[in-house]
Structures are given as C-alpha cells and as structure tokens.
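# Examining the three-dimensional arrangement
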Amino acid sequence: MDQLDDILNQDIDPTETREWMDSLDAVIHHDGTERAHFLLERMVDSTRRAGGYLPFDPTTEYVNTIAPANEAKMTGDAAMEWRIRTLIRWNAMAMVVRANRKPGELGGHIASFASSATLYDVGFNHFWRAPSADHPGDLVFHQGHSSPGIYARSFLEGRLAEDQLDLFRMEVVGKGRALSSYPHPWLMPDYWQVPTVSMGLGPIQAIYQAQFFKYLEHRGLIPKSDRKIWCFMGDGECDEPESLGAISLAGREGLDNLIFVINCNLQRLDGPVRGNGKIIQELEGSFRGSGWNAIKLVWGSYWDPLLARDSKGVLRKLMMETVDGEYQACKAFGGAYTREHFFGKYPETREMVANLSDDDIWRLNRGGHDPHKVYAAYHAASNTKGMPTVILAKTVKGYGMGAAGESQNPTHQQKKLDDESVRHFRDRFQIPISDDKLKDVPYYHPGKDSPEVQYMLERRKALGGFLPQRRRKADAKLKTPDLAAFEQITKGTGEREISTTMALVRGINLLLRDKQLGERVVPIVADEARTFGMEGMFRQIGIYAPFGQKYKPQDSDQLLYYREDQKGQVLQQGISEAGGMASWMAAATSYSISNQAMLPFFIYYSMFGFQRIGDLCWAAGDMRSRGFLVGGTAGRTTLNGEGLQHEDGHSHLMAGAIPNVKSYDPTFSYEVAVILQDGVRRMMQEQEDIYYYITVMNENYSHPDLPVGSEEGIIKGMYLFKDGGKPKKGEPRVQLLGCGTILREVIAAAELLEKDFGVKSDIWSCPSFIELRRDGFDAERWNRLHPEAEQRVPYVTGLLDGRQGPAIAATDYVREFADQIRAFMPDGMRYTVLGTDGFGRSDTRAHLREFFEVDRYWIAHAALAALAKDGKVNAKDVSRAIKEYKLDQDKPNPLTM
C-alpha cells in the first residue's frame, strides 16, 4: 500500500464507518439535510462534553457547495444567452481598445469584466429586479473595473449610443454624454447608483445598505419585501480592511437580503492573490465564521464526470493541496501543462484524463464561467433565509484574451490588444466581423429587432425594467419648519451655559417633533451618544435592534435607560467610524435608492471623521448624499485632556476639498439653528445634492440672542458680530475675525485692546471660511472671463471694504483654514492669521490656547503688531503687550514641538 492509500484509508474500522455513513444517508433521504446537520452537531457536542478535542474547521472541501443533483435548473434559452454574452464581451473589449488607440492614454480595464461576464449576465437575465410599481427594486454594487461590460450591455439594449461608447473616459469633451471610467453617480446621475471602484468601499456600503433596508421595514417606512442587495467584488479587494471589516454585523443581524459575489480570479493587480495558498478557502472560513451562508462555486459542469468517478477522493485531495499559483499557471500554459503538472501528480488522476485531449483538459471550466452553475448558486442565495450569503466564484482573469493576457500576472493592466489578439478574441467568441474591418475593432450590434436584443429586452421587462438606473429625487414633497420653530436655540441662554453640541442636540430634538420630518430623522453614533449628550434619545426614540431588546438593561431603573427596540430610530453602530459613515450614506441616499427621503445625523469625534474615513466622505459626495455630518469635540484646544490623537485642527480643510459639502464651525446656538434650518430646507425641501459638515464643541458658555438680520451672513460664512462704532480721526482700528470656540477669545481680545491700548475693534463671526473662499474664487473666475462686464465683488471684500485697520483672524484650526480668504482682503488691508499648527497636547483649554498662540493675549498682540506695521501704533506698544501679557518671545514654534 503506497503513501496515498495510507492517507485515504486511515480508518481503524471501515465497516463501522460505512454503517454510520449509511445511517446518515438515510436521515438525509427521509428527513433532509437540516435534520442530519442537527444530529451531527449533537454528536460533536457530546464528544466535546466527554473531553474530546474537536477543533472547528470553518472550511469545506475544494469543490462546489451545491452538488449537481441539488442544482436549480436554469430557465431561459442558454444558447441565446451565450450568444448575448459574447456580444457584450466583444463590445466591452472594443470600447477599451478603441479608447487606447486614441492619443492621450485614456486607460481602462478588460480583464476584470472578462472574468466576470457570466456572473453579471445571469444576474441581469434572471435575478436583478428594477424598481417598478410591483417591486422596490434590487440594488447592485457593480465591481468598478467591470464598468465597460455594463456599458456594453446597455448599448445592446439601446440605452447607450455608439458614439457614447467612443466617449468612454472622455468626460470633458463628452459634455454629459460620456461614460465615466467607473460607477460615478455624480457624473451619470440617471444611471449609476453607488460608487464602488475605491476598493473596499462597496462591500461595507452594501452591508449597511442592507441593514438600512431592514431598518426602514421595521419602522414601517417601506413595506417588507424580498428585495436584495448584490455586491460584486474581487478576491484581491478582500485585503482591504473595509471589505471584510463589517461582515460580522451582517451575520449577527441575519441580513438575508444581502448577497456578496466575490469574483475569485485568483489575481490582484500585480500577481496572485494568494500564490502560496487558497483564497477561496480563506474567504470561506472568514465568512462562515461570521455567520454567513458560504456557497463555493469552484468547478464548472465539465468537471462533474471526473468528480463523479473520484471514488477514492484522490481528485478532491489534489484539488485541495494545489495552491492558487499553480491553478493560475495551469490556465496560462494550457492543457498539456495541466495534464503534466496537475493531473500527473498521482497515477489515479492521470488515468482519469487519459482519454481526454489537451484541448479537452484546457476546456475544463471554472464555476464562475458556467451559467448553469452560476444560476444554481444565485437561486440558492436568493432563497436563503436568516443569514447573508457569499458566493465564492472561481474564474479566470482575462478570460478570452488568450496569449494577450489570460491568467497572466500583468493582465489587470492590459488595455491594449494588437491585431492578432483581437482576431483571436473574434474567433473564440464567433463575432461576425470580417478580417478587413478588424483593425478598427468595430462595435457590433445585431439590430434592435434581432433575436438577441429582443430576448434581452424581454428578460428585463420581466424583471421590471432596465438596470442600472438611478432616481434623482424622492416623490414626497416635504416642508421644512421655519426658523421660528427653532426658537429654543435662537434665543440667548442668559446666565445658563451650554455647548454648541447641546444646541445641536436640541435642534435635532426639535426636528424629531416635527410632524413631517420627525420620523425621517436618523441619529447615528459610533458608541459616543453619552459623550454628545444624546442619551435622552435612548428612551425617547429607542436604539434600533432588529430583534428587539431581549434583556433587562442594567440602568432600567433610571430615566434615560438604554432602550433597544425593533422600531428604534437611533442607529448605534459601535466603535466603528467607517461603519457609522456607511450607515449614514445608506440613510443619506435613501431618497434615491428607496424613494424615502431621510435626514441622517452622524455625530463623532471630529478628528475621526474626514481624516479617518475621508474616502467614504468623498464617495458620499459622488453618490449625491444628503444629510449632516457632525464633528463633535472639535478644534485643537477645546477637547482638553485627550491629547494629540484626538485634537482636530484640519477637518474643515478636508471637508472643503469635497465640492458639494457645506462646512461650518459655529460659535453660538443661534448660528447652529440658522445653519441647521437652512440645511434641512435645501436637502429635504429643495432636494439639493449637498451635505453638511458642522463642528460643535463641548465647552460651555452663555449664548446671546440671534442678531437681527444676521441669517444671510451666517449662511454665506461671515457677518458683523459687533461694530466698534464710528472711528474717530486717527484712532487705531482693527478687524478681528474668528469662528468656533476661538471667536470668544477674539471677543475678549477686543476688550483687551480697547482697555489697555485704546484700540477699537470690529468683530466678525466667520462660521464658514470654506464658503467664503468658494464665493471669492467664484467671483474672481467670473471677473477674469468677463473683463468688460461689471465686476463682481467677493463677499468678504464687500463686507470689509471701507473698514479701517488690519484684519486678524484666529481659529482653533491650522493657519491654512483662515488663510483661505487672504486673496479677498480689500486692497491695502493687512491680514494676519493665527492658528493651531502642530500636534495636539493634553492640558487645560487655557494652557492649550496659550501654547498654540490663539488665546486673547496672542490675538491682541498680533493686532498691535499689524497696527505697528501700518504705522498706527509704535513698536513700544507691541513690546509692552508682550511684557504685560507675559508672552514668551523665545518659546519654540508650536509647529515644531
């Protein structure tokens, strides 16, 4: 007996084993697989209780999860669908190749869609439903690099014209008709629904979209349905932390409306995903361990006869021990190589293929290219109850590209094919294009009345309509409450001190009471509700829990106890800013995806927002999200005691880089009210595709009444908080600007200047330096383009024009923040900016502000220094300020410390 026989026959009593197997087969036959699984679990439990060590193995054999006998049979015309699939493959390839034969190196990808064409085709023909009167529609997250294939399908359907295909990646000259490189709702607002090509963002978005569908259903905002979310991703993409980072949530909440399809072509951008391992096995273990139903779709139908003859399990053993790097080589080097280096490893497997030619061996297909196997996997996934499903579909990267790139390491970057490679592609997929036209790589359309196109249209009609498609606006017409409804926070607080965080929470509570908008407010926190004073919402509106609250909370005897509810309104996403943001995006795009306009507020430590989840924030802009991001405990000197990693001095700069984000740093509760009401009006009532970033602080102080007529200035970003009075001749005057918590230091500095030096100040509150910058550069651009027209005046310029003295701005952010408006200072007005450049520190607020040189004394000193340069005071006054205010002239620059 050789070594292989030893391995395959390690059984001290084969007869007893056979009896047990026969008994299990009988249970399966009479009572089904679930009963058999129950009995096995009971036996495993008994063995463990007896002291036996039975390690959990989260993986199964390297074969298909669904046995041939259990496969759902594919409906439709398989031959016709193959024909359609070949046309889509050709046009997708032609689009990229034609683009890259033009000057300019437009780029593009062929190999990703080549490997996944069948996976998409079966979905489009049989499973993915469009929104209709009868169904809310499924949501498909397309793998970004596969976009050419989606365009090619739409071309055959008549949704896209041939000239649009030639505008692939030419969005500037395309003027609205071009096709974006990847799924981008901002660029194609009637077509793409979700941006996915920044890898890892699609999967985490899909999970939280699935959760939000359940949230809407449990709260009675949409009817329950069998709606599904299908998320396509690559096996290499699974290395991104966001790809798998939230899969436990989906398993924990039993999101059976969620299906991941992972295209396992075994290659990432530079080479094998797991050359020395098996990515499908690895992923199966990760998903099964997280409570997912894992369906392995490894082998195509041509393997079924071989596996059926594998009575000793030798082929299964060979499949399991072969690593992905070897599988890649087998597809790259052909049938003869596979015979020698795969099947030739054991006599039994070599004999299995003895009657097959090298071409027959090469044609042994992978599961992801077999429509019958794909259909069976999709059918099983669609009918799975109580848990999400992942389909691990094995494919060949660059399938059909032949020597130009099939299963080769550089395949992902392949965007050009020579004439011979194009010919090979044409022949392999039997495209009716003559040799004399091949050099132009023409598109092929069989005609709108052809059997292929009519079949496609019939299938889509049966499934509700075309996909992808995007809804621009929700149907419901909503009315925003007037500013008067926010009187609680537009009125001053008198002697009572509150924070802007408390003001915002009060504003949210006012919205929760609104008859139209109340049920649409979605508060989202990443386990910091108590930090932000939101614990009152726990009892008021409850924390969403899909299975309700199954325990008595520890604090149930308290007024603000931790109440979970299936109809709860608060989304408490645990310690995960990425999860909170993905949840916010689901709510912020619900107007489009579910025709239900929602108003989400995601509240988090500001340092852990745009810095940590900036890629998601950018994607939120792309997908036209609407809602409020709230950076709590904002600024570099306000969050005293926490230190370097927590103190934010630059989030507004990051927010300002996203074109459709409105960014504000309010100081007083009335500013919060005005911004909040305006944002709700624009996003909910006017349905503008913008979202808001508001920073709020945890510092308590008294707040004044809303100044009459200040609303417009608050929204535009700057208004006169206090006029220093009519200046006397020769009297020194300064313009002091500030925002957020440092505006109060600016106000205090004005008092010092007048008391100690006789300098009066005009005080300006600047809730948005970002909006001021945008307005200024918009005016500057317009003026350059219209030299003979009446020139526009930037808002900042108009406010400060005619005012005396230099301008000094101080904020709790880096200098670049307030420096953004330097270009719009009136001619001759000196502009000095103070900010918190450098790493944060842990200390009291007073010490931090002194350290970063943004407290009242440093502001007053900066004003005097600017006046001295203008000749309005002398240098001795500046020196006196340094001495009286105890400013350390020799302290190092905070930036360097």
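So, here is what we can say about the structure in this document. (Residues numbered from 1 in each chain as written. Predicted model: local features only at pLDDT ≥ 70, side-chain atom pairs only at ≥ 80, totals over all residues. Heavy atoms only, no water.)

The next subject is the state of the cysteines. The final tally for this structure, using the stated rule, is 0 disulfides. Summary of cysteine pairing: C231 is not part of a disulfide, and the nearest cysteine sulfur, belonging to C238, is at 9.3 Å. By relative accessible area, which is 0% here, C231 ends up buried. (Disulfide = S-S within 2.5 Å. Buried < 20%, exposed > 50% of the residue type's maximum accessible area, 1.4 Å probe, protein only.)

Now for the sheet that holds strand β17 (residues 807-810). Backbone-to-backbone hydrogen bonds pair the strands of a sheet. The strands run either parallel or antiparallel. Strand order in the open sheet formed by 5 strands is β14-β16-β15-β17-β18, and the pairing between neighbours is mixed. At either margin of the open sheet sits one strand with a lone partner, and together these are β14 (719-722) and β18 (831-834). In this sheet, neighbouring strand axes are inclined to one another by 30 degrees on average, regardless of whether the strands run parallel or antiparallel. As paired elements, strand β15 (residues 733-738) and β17 share 4 bridges and run parallel to each other. Bridge assignment links L736 to a residue of β17, and that residue is I808. On top of the sheet, helix α31 (residues 743-757) reaches β14, β15, β16 (760-765) and β17; it is set at about 170 degrees to β16, its chief contact. (Pairing = 2+ DSSP bridges. Helix = DSSP H or I, 4+ residues; strand = E, 2+ residues; numbered from the N terminus. Axes fitted to C-alpha atoms, helices over the stretch in contact; angles between N-to-C directions. Contact = heavy atoms within 4.5 Å.)

So, on to the pairing of β15. β15 sits mainly inside the fold: 6 of its 6 residues count as buried. Both faces of β15 are covered, namely the face carrying R733, Q735 and L737 and the face carrying V734, L736 and G738. When β15 meets β16, the two strands line up parallel, connected through 6 bridges. Looking at the pairing, V734 lines up with S761 of β16. Taking the sense of rotation as the criterion, the β-α-β connection linking β15, α31 and β16 turns out right-handed. (Right-handed = clockwise from strand over helix to strand, strands pointing away.)

With omega at -5 degrees, the peptide bond leading from L467 into P468 counts as cis. Along the chain, P468 falls in the loop between α21 (451-462) and α22 (487-490). One non-glycine residue with positive phi stands out, namely R169, at about 65 degrees. Judged by its relative accessible area of 17%, R169 is buried. In this structure, V441 takes a positive phi of about 45 degrees despite not being glycine. According to the relative accessible area criterion, V441 is buried, its value standing at 0%.

Further remarks concern the packing of helix α4 (residues 78-100) against helix α20 (residues 419-428). Where α4 contacts α20, the two axes come as close as 10 Å, and the packing angle between them is 165 degrees. In terms of axis orientation, α4 runs roughly antiparallel to α20. In the packing of α4 onto α20, the handedness of the crossing is left-handed. Here α4 contributes R89, W90 and M93 to the contact with α20, which in turn contributes V422, F425 and R426. (Parallel < 35°, antiparallel > 145°, perpendicular 65-115°, else oblique. Left-handed = near helix turned anticlockwise from the far one by under 90°.)

We now examine the pairing of β17. Residues A807 and A809 point to one face of β17 and I808 and A810 to the other, with burial holding for every one of them. Judged from the 4 bridges that link them, β17 and β18 form a sheet pairing that is parallel. Looking across to β18, one finds that A807 is bridged to Y831.

Looking now at the packing of aromatic side chains. Counted by the stated rule, this structure contains 51 aromatic pairs. Between Y151 and W192 the ring centres are 5.6 Å apart and the planes differ by 65 degrees, which places this aromatic pair in the edge-to-face class. One end of the pair, Y151, is in helix α6 (residues 147-157); the other, W192, is in the loop between α8 (171-174) and α9 (201-218), with 41 residues separating them in the sequence. Considered together, Y151 and W192 belong to a single accessibility category, that of buried residues. Ring plane angle 70 degrees and centroid distance 4.8 Å describe the contact between F610 and Y693, whose orientation is recorded as edge-to-face. Separated by 83 residues along the polypeptide, F610 in the loop between β10 (599-605) and α27 (614-622) and Y693 in strand β13 (residues 691-695) bring together distant segments of the chain. Accessibility classification places F610 together with Y693 in one group, the buried group. Of the aromatic side chains, those joined through ring pairs into one cluster are F113, Y120, F124, F127, W128, W230, F232, Y375 and Y378. Directly above the aromatic system of W186 lies the positively charged group of R624, at a separation of 4.2 Å from the ring centroid. (Phe/Tyr/Trp six-rings, centres within 6.5 Å; stacked < 30°, edge-to-face > 60°. Lys NZ or Arg CZ within 6 Å of the ring centre and 35° of its normal.)

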